[in-house]
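Coordinate inspection notes
Chain residues, written in single-letter form:
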Amino acid sequence: MKALIVDDERLARKELMSLLEGYKDIQVVGEATDAEDALEKITKIDPDLIFLDIQMPGKSGFDLLEDLDKSPKVIFTTAYDEFAIKAFEFNALDYLLKPIQKERLGEAINKLRFEEERPTKGSGLGENDQVFVKDGEKCWFVKLSEVRLFESDGNYIKVYFRENKPMIHKSLNALDERLDSKTFFRASRKHIINLGWVDKIDTWFNGGLLVQLKGGEKIEVSRRQAARFKEMMSL
């Protein structure tokens, strides 16, 4: 597993690298001193795992994750636990509080080993990829297979997964270009649906279709998109 360490403190990076020498399945392939440096190296290296500090000069670790199309596995390393633990209390992968203890690192690595299959690598965002979603003080790592609907709302997108509907500042057109078309379908100007969440399909006005998702949402598929939708769903 290729790992990148992101921390503005040189001593903290070196201490973590030393601790990681005992894990043969973790290969540290780079270090980054801030979010901008990390973004460049993540794009180039494509690591499976990031050890990420939260409080750094300039952009924070959270800001970095928001800039990524898809998120690798992340273990937070921080000296400040209050905000991080509150924000991620329901969706944290793991935290290592500085100074990092050898036993605590071992627990985090074991959690990684028991994670489900790694996200599929590729240019498009598929159902096995995970994304980072931040809305106010709440944050989530979400596997795209859990997302049943993206809905445009002005300059924001509402992301529907489980009982949550956070808003992210992105363009639906830009997102559509990044999503795997075999899994996600652009139903209309305002909606992208996960085909795996389709529960019921009815005919609708003017040759369109009305799709009901397993979450209960009803989405109109425009007449222009209906023919393509029928072909993809083998109707």
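Up top is the structure these notes are about.
Okay, so let's go over this structure. (Residues numbered from 1 in each chain as written. Predicted model: local features only at pLDDT ≥ 70, side-chain atom pairs only at ≥ 80, totals over all residues. Heavy atoms only, no water.)

1. Brief notes about the pattern of salt bridges
In the structure shown here, the tally under the stated rule is 16 salt bridges. Note that Arg13 is salt-bridged to Glu31, the shortest N-O span being 2.8 Å. Of this pair, Arg13 sits in helix α1 (residues 10-20) while Glu31 sits in strand β2 (residues 27-32), and the two are 18 residues apart along the sequence. We classify Arg13 as buried; its relative accessible area is 10%. (Salt bridge = Lys/Arg side-chain N within 4 Å of Asp/Glu carboxyl O. Helix = DSSP H or I, 4+ residues; strand = E, 2+ residues; numbered from the N terminus. Buried < 20%, exposed > 50% of the residue type's maximum accessible area, 1.4 Å probe, protein only.)

2. Re the packing of aromatic side chains
Within this structure, the stated rule accounts for nine aromatic pairs. Ring geometry for Trp140 and Phe161: centres 5.6 Å apart, planes at 80 degrees, overall edge-to-face. In this pair, Trp140 sits in strand β7 (residues 138-143) while Phe161 sits in strand β9 (residues 156-161), placing the two residues 21 residues apart along the sequence. Phe161 matches Trp140 in its accessibility class, with the two residues each being buried. (Phe/Tyr/Trp six-rings, centres within 6.5 Å; stacked < 30°, edge-to-face > 60°.)

3. Describing the sheet that holds β2
The parallel open sheet is built from five strands, whose spatial order is β2-β1-β3-β4-β5. Only two strands of the sheet have a single partner each, and these edge strands are β2 and β5 (95-97). Averaged over all pairs of adjacent strands, the angle between strand axes in this sheet comes to 20 degrees, irrespective of strand direction. Here strand β1 (residues 2-6) pairs with β2 via five bridges, running parallel. Note on β2: the bridge partner recorded for Ile5 is Glu31. Strands β1, β2 and β3 (49-53) of the sheet are contacted by helix α2 (residues 35-45), whose axis makes an angle of about 145 degrees with β2. Along the sheet face, helix α5 (residues 102-113) touches β3, β4 (73-78) and β5 and points at about 170 degrees away from the line of β5. (Pairing = 2+ DSSP bridges. Axes fitted to C-alpha atoms, helices over the stretch in contact; angles between N-to-C directions. Contact = heavy atoms within 4.5 Å.)

Worth remembering: the numbers are spatial, not functional.
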